[in-house]
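In case you want the letters, here they are:
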Number of protein chains: 2
Amino acid sequence: MKKVETGEPSETTRSVPAQRLEAQWVTGFVDGEGCFYIGINPNPTMTAGFQVLPEFTVVQHERDVQLLYALKRFFDCGVVRRNHADRMAYRVRDAQHLRDKVIPFFEKHPLRSKKRMDFLKFRKVLLLMEKGEHLKPDGLDQIRAIASKMNTARERYSPAPPETG
Amino acid sequence: MKKVETGEPSETTRSVPAQRLEAQWVTGFVDGEGCFYIGINPNPTMTAGFQVLPEFTVVQHERDVQLLYALKRFFDCGVVRRNHADRMAYRVRDAQHLRDKVIPFFEKHPLRSKKRMDFLKFRKVLLLMEKGEHLKPDGLDQIRAIASKMNTARERYSPAPPETG
């Protein structure tokens, strides 16, 4: 039977055996490796001329891609994709998944690093978006102001260009 | 009363409030940010001409130095020092502390990333050192062979020069 080409690592590569993560491990790992990011890209088809793209990401060397698949199973959403070169990324961009799965988890299991400040700003932007504020110039300005104060002193993560997922 | 100058951040900077860490959080954070490193430095005063310096380290931006102090309390050993520029490091170099405190913890709470392979090699070197193998040319060769297979695909950590602590 011909194997369907998915562009993703084979089942063998990704989890032998599949890891079940514990909540505190996830919090610790995301304190170290996670990123809450708000992209704001020009988009003439949007009412306010810009598209707001919130994104929760964990980047790892490809040798640890099985941990990214374990996170995907843990949060039950998102995708695992190549980031650049030998780096892989677990990424959640769907606003509903961010609001229903990712944000409640970190509300229940607070981050211990200063990354928690980024998370709180990220959550605020998601709430503004839920009210449609990102579609109005004033709301967009507010989101831009919040986003500009995030991810300072972060060097590692360069977000990939927008795509579905 | 005159405050004793310790060269470390003030009590206020380092923990408000002091964080109590959970084992799984520590494992997750070390999976992301930790490093098990074996330094082998020329030292004419040693029998085999080299000094073996095992080191467990977690490096963070200085804004999260309170987490490093929390790790120091958690493991009940090691020091927090500036690594370079705006990076701080939590570091355990004492072989007895590594054997009695750090290694048993990660035996009980296994790392989930490939860093576990480094940990197992690190533990092996510590056991060889306990038997005095690092003082013999053959043992030193064995340690050198193990160390050469560690910390591949690691870019972030540059160990500081040897010092007491």
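A brief look at the structure comes next. These numbers were taken from a predicted model, which means no experiment stands behind them.

Looking now at the interface of chain B and chain A. Taken together, the contact between chain B and chain A spans 27 residues of the former and 27 residues of the latter. Overall, the association of chain B and chain A removes approximately 2,400 Å² of surface from exposure, summing both partners, and the carbon and sulfur fraction of that is 43%. Across the chain B-chain A interface, the total number found is zero salt bridges. Counting every contact that joins chain B to chain A gives nine residue pairs in polar contact (both at pLDDT 80 or more). Of all the secondary structure elements, the ones that give two or more residues to the side of chain B that touches chain A are helix H2 (23-33) and helix H3 (65-75) of chain B. Residue contributions to the side of chain B that touches chain A peak at eight residues, all from H2 of chain B.

Turning next to the sheet that holds strand S4 (residues 87-92) of chain A. Residues and elements named next belong to chain A. Across the sheet, four strands lie side by side as S1-S2-S4-S3; this open sheet has antiparallel pairing. Every other strand in the sheet has two partners, leaving strand S1 (34-42) and strand S3 (79-84) as the edge strands with one partner each. In this sheet, neighbouring strand axes are inclined to one another by 40° on average, regardless of whether the strands run parallel or antiparallel. Summarising the sheet, S3 and S4 pair through five bridges and their orientation is antiparallel. Looking at the pairing, His-84 lines up with Arg-87 of S4. Each of S1 and strand S2 (50-61) touches helix H2 (residues 23-33); the most contacted strand, S2, lies at about 105° to it.

Let us now look at the relation of the copies chain B and chain A. When chain B is fitted onto chain A, the two copies agree to an RMSD of 0.0 Å after a turn of 180° and an axial shift of 0.0 Å. The relationship between the two copies is best expressed as a two-fold rotation axis. When the interface residues of chain B are mapped onto chain A, 100% of them are again interface residues, pointing to one common binding face.

Along an α-helix, residues three or four apart share an orientation, since each turn contains 3.6 residues. The element H2 of chain A is extensively covered by neighbouring structure, given that ten of its eleven residues are classed as buried. Buried within H2 of chain A we find Gln-24, Trp-25, Val-26, Thr-27, Gly-28, Phe-29, Val-30, Asp-31, Gly-32 and Glu-33 of chain A.

Residue and element names in this part refer to chain A. Counting across every chain of the model gives zero disulfides over all chains. As a non-bridged cysteine, Cys-35 has Cys-77 as the owner of its nearest cysteine sulfur, 16 Å distant. Taking the relative accessible area as the measure of exposure, Cys-35 reaches 4% and is therefore buried.

Residue position: Gln-19 of chain B is located in the loop between helix H1 (11-14) and H2. Placed 51 residues apart in sequence, Gln-19 of chain B and Ala-70 of chain B show a C-alpha to C-alpha distance of 5.9 Å. Filtering out sequence-adjacent residues up to four positions away, Gln-19 of chain B remains in contact with Arg-112 of chain A together with Gln-66, Leu-67, Ala-70 and Arg-73 of chain B.

Attention now moves to the packing of aromatic side chains. This model, assessed by the stated rule, comprises 30 aromatic pairs over all chains. Arranged with centres 6.4 Å apart and planes meeting at 15°, the rings of Phe-75 of chain B and Tyr-90 of chain B form a pair that is stacked. Separated by 15 residues along the polypeptide, Phe-75 of chain B in helix H3 and Tyr-90 of chain B in strand S4 (residues 87-92) bring together distant segments of the chain. Residue Phe-75 of chain B shares its accessibility class with Tyr-90 of chain B, and that shared class is buried. Every member of this aromatic cluster is reached through a ring pair, and the members are Phe-36, Phe-56, Phe-74, Phe-75, Tyr-90, Phe-105, Phe-106, Phe-119 and Phe-122 of chain A. Directly above the aromatic system of Trp-25 of chain B lies the positively charged group of Arg-112 of chain A, at a separation of 5.8 Å from the ring centroid. Note that Arg-144 of chain B overlies the ring of Phe-50 of chain B, its terminal NZ or CZ placed 4.6 Å from the centroid.

Cut-offs used in this document
Residues numbered from 1 in each chain as written. Chains lettered and ligands numbered in written order. Predicted model: local features only at pLDDT ≥ 70, side-chain atom pairs only at ≥ 80, totals over all residues. Heavy atoms only, no water. Contact = heavy atoms within 4.5 Å. Buried area = accessible area lost by both parts, 1.4 Å probe. Salt bridge = Lys/Arg side-chain N within 4 Å of Asp/Glu carboxyl O. Polar contact = N/O pair within 3.5 Å; in protein donor to acceptor, adjacent residues only side chain to side chain. Helix = DSSP H or I, 4+ residues; strand = E, 2+ residues; numbered from the N terminus. Pairing = 2+ DSSP bridges. Axes fitted to C-alpha atoms, helices over the stretch in contact; angles between N-to-C directions. Least-squares fit on C-alpha atoms with pLDDT ≥ 70 in both. Buried < 20%, exposed > 50% of the residue type's maximum accessible area, 1.4 Å probe, protein only. Disulfide = S-S within 2.5 Å. Phe/Tyr/Trp six-rings, centres within 6.5 Å; stacked < 30°, edge-to-face > 60°. Lys NZ or Arg CZ within 6 Å of the ring centre and 35° of its normal.

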